[in-house]
Amino acid sequence: MHTHLAETLRDSPAARDAEAIVRRCVHCGFCLATCPTYQVLGDERDSPRGRIYLIQQLLEGEPANATTQTHLDRCLGCRSCETTCPSGVRYGALLDYGRGVVETQLSRRPRERLLRAALLRVVPSRGLFDALLRLGRLFKPVLPPRLRAKIPPVAAAADTASAPTAARATRRMLVLDVCGESAAPNTRAATMRVFARFGIALETAPAAGCCGALAYHMGRHEEGLAAMRRTIDAWWPLVEQRAVEAIVVTASGCGVTVHEYGHLLRHDPAYAQKAARIAALARDPADILAGEDRSHLAGLGAGRSIAFHAPCTLQHGLKREALVERLLREAGYELAPVADAHLCCGSAGSYSVLQPQLATELRTRKLANLEAGVPELIATANIGCQLHLAAGTSRPVRHWIELLDDLSH
Ligand code: SF4
Ligand code: SF4
């Protein structure tokens, strides 16, 4: 796409990067077929190509308007279009640029401002999130149905006591405290138990908070980058002083962001180097387990039928195509075929709260495909997808690592 970067933006590295991305687009439209919002809404402005045009207008100096805001807000940031694009258009980075511009140029209605502020305040705060979760569970019977569905049931108590102690482990890794993890605490506990059986001790850095993804992808770049710097500061002494082999992120939504720290902080002289080192250490649990001898698990899950939902952040962001599926199959689980597996479930970080109608429509479609083979349960790799899907079905929805943990008891 030919663009004329506005004179006023020529000194902005972010605008120049965005312009370079736009220039790669050849208007072919292949991405339209795999865009969930275009499939639902059928409006070119709700397709990747249409949104690229809208961002191109911003780069050419046109001010953001309500149309730009609406169609960029409706984007899931799922990056399915990146996987499809034959020209290598890095749409996710372009969307982040566009959302940042919209956020600085346009205000929002009071209700939306309040909702966004509440999300940014509550989700990264473990104390606030837990308190609201407890309150929600207490008043669940009297809540409106849509809100009631969002309150997850009390999860099984996390048992990390059965994991071998750190002293017996020969390898050490850090693990991220994922926001909202207390709604599904067994994910971390199962990861610790499974890793411990390979002689790996996982430890957290209590001062590390939110990875920054939530604010950054809402266009609040400075808040997002500040959270990333805080997390790096919390991890850095442990990375430097101890032989930390990797940083494990059990939620692929956070994982893809930590993998991109080096890129996101490349213009910050104080953090660029540290961010690149942290990004190089980031691993999905599947990356680690794929390199271990898992022969003791082989075939143990035989006879159990599951459907795996690959989060967009796992398949389109981290590009871990079919890796988790391979681990589960090798452990004996029977994976039901899932139609349109490349499409988003509608969770998409804050999307299920900010765009509830579209998110619900996408979840209905996703669950129909996941449940077509009548699986015993649904497995996934990201807390957001797990909670969003669980709110629409009576079938258990679990993190895949819990299924490997089940086999070891
Ligand atoms: S990120 Fe997803 S929703 Fe957004 S344009 Fe790309 S495919 Fe469509
Ligand atoms: S597939 Fe890629 S090159 Fe083609 S229109 Fe979409 S973004 Fe542009």
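(A) Local environment of the side chain of Thr37. Mapped onto the elements, Thr37 comes out in helix α2 (residues 36-41). Of note is the side chain of Thr37, whose polar atom sits 3.1 Å from the side chain of Arg51.

(B) Empty space enclosed by the protein, seen in detail. Following the criterion strictly, the structure yields four cavities of 30 Å³ or more and no others. Estimated volume of the largest cavity: approximately 120 Å³. In terms of lining, the largest cavity is formed by 17 residues, of which the most central are Cys25, Cys31, Ile52, Cys85 and Val89. With three residues, the single largest contributor to the lining of the largest cavity is helix α3 (residues 48-59).

(C) Representation of the layout of surface pockets. There is about 420 Å³ of room inside the second largest pocket. Surrounding the second largest pocket, 23 residues form its lining, Pro153, Ala183, Gln386, Ala390 and Val397 being those nearest its centre. Elements supplying a minimum of two residues to the lining of the second largest pocket: α9 (145-150), α10 (186-196), α21 (383-390) and β8 (397-399). Top element by residues in the lining of the second largest pocket is α21. It accounts for three residues. Its residues placed into classes, the lining of the second largest pocket shows 14 nonpolar, five polar and four charged.

(D) Looking closely at a nonpolar patch on the surface. A cluster of nonpolar side chains, Leu132, Leu135, Leu138, Phe139 and Val142, forms an exposed patch at the surface whose accessible area comes to about 520 Å². Relative to the helices and strands, Leu135 is located in helix α8 (residues 126-138). For Leu135, a relative accessible area of 44% translates into the label partly exposed.

(E) Fine view of the state of the cysteines. Applying the stated criterion to the full structure yields zero disulfides. Of all cysteine sulfurs, the one in Cys254 lies closest to Cys211, which takes part in no disulfide; the gap is 4.3 Å. Look at Cys211 and you get buried, because its relative accessible area is 3%.

(F) Examining the packing of aromatic side chains more closely. One pass over the full model with this rule turns up zero aromatic pairs. Positioned above the aromatic ring of Tyr271 is the side chain of Arg229, whose terminal nitrogen or guanidinium carbon lies 5.8 Å from the ring centre. Above the ring of Tyr271, the side-chain terminus of Lys274 is found at 5.5 Å from the ring centroid.

(G) Inspection of the sheet that holds strand β6 (residues 334-335) at higher detail. With parallel pairing, the four strands of this open sheet are ordered in space as β6-β5-β7-β8. For this open sheet the edge positions go to β6 and β8, each flanked by a neighbour on one side alone. Strand direction decides the pairing type here: strand β7 (residues 377-380) and β8, joined by three bridges, are parallel. Across the sheet, Ala379 pairs through a bridge with Arg398, a residue of β8.

(H) Up close: the site of ligand 1. The environment of ligand 1 is made up of 13 residues, and the closest members are Cys35, Arg51, Cys75, Cys78 and Cys81. Listing elements by their share of the shell around ligand 1, those giving two or more residues are α2, α3 and α5 (80-84). Looking at the shell around ligand 1 residue by residue, the classes come out as eight nonpolar, three polar and two charged.

(I) Structural detail: the site of ligand 2. Residues in contact with ligand 2, as listed here, are Cys25, Val26, His27, Cys28, Gly29, Cys31, Arg49, Ile52, Cys85, Pro86, Ser87 and Val89. Most atoms of ligand 2, that is more than half of them, are within 2 Å of grid points of the largest cavity. Among the residues forming the shell around ligand 2, the class breakdown is eight nonpolar, three polar and one charged.

(J) Fine view of the environment of Ala348. Residue placement: Ala348 occurs in the loop between β6 and α19 (351-354). Separated by 87 residues in sequence, Ala348 and Tyr261 have C-alpha atoms that sit 19 Å apart.

How each quantity is defined
- Residues numbered from 1 in each chain as written.
- Chains lettered and ligands numbered in written order.
- Predicted model: local features only at pLDDT ≥ 70, side-chain atom pairs only at ≥ 80, totals over all residues.
- Heavy atoms only, no water.
- Helix = DSSP H or I, 4+ residues; strand = E, 2+ residues; numbered from the N terminus.
- Polar contact = N/O pair within 3.5 Å; in protein donor to acceptor, adjacent residues only side chain to side chain.
- 1 Å grid on protein atoms, 1.4 Å probe; cavity = no way out; pocket = protein on both sides within 12 Å on 5 of 7 lines; lining within 4 Å.
- Points joined across faces, edges and corners; volume = space filled by probe spheres on them.
- Nonpolar A, V, L, I, M, F, W, Y, C, P; charged D, E, K, R; others polar.
- Patch = residues over 30% accessible without salt bridge, like charges linked within 9 Å, V, L, I, M, F, W, Y side chains within 5 Å.
- Areas by Shrake-Rupley, 256 points an atom, 1.4 Å probe, with all protein chains shown as cover.
- Salt bridge = Lys/Arg side-chain N within 4 Å of Asp/Glu carboxyl O.
- Buried < 20%, exposed > 50% of the residue type's maximum accessible area, 1.4 Å probe, protein only.
- Disulfide = S-S within 2.5 Å.
- Phe/Tyr/Trp six-rings, centres within 6.5 Å; stacked < 30°, edge-to-face > 60°.
- Lys NZ or Arg CZ within 6 Å of the ring centre and 35° of its normal.
- Pairing = 2+ DSSP bridges.
- Near = heavy atom within 4 Å.
- Sits in = over half its atoms within 2 Å of the grid points.

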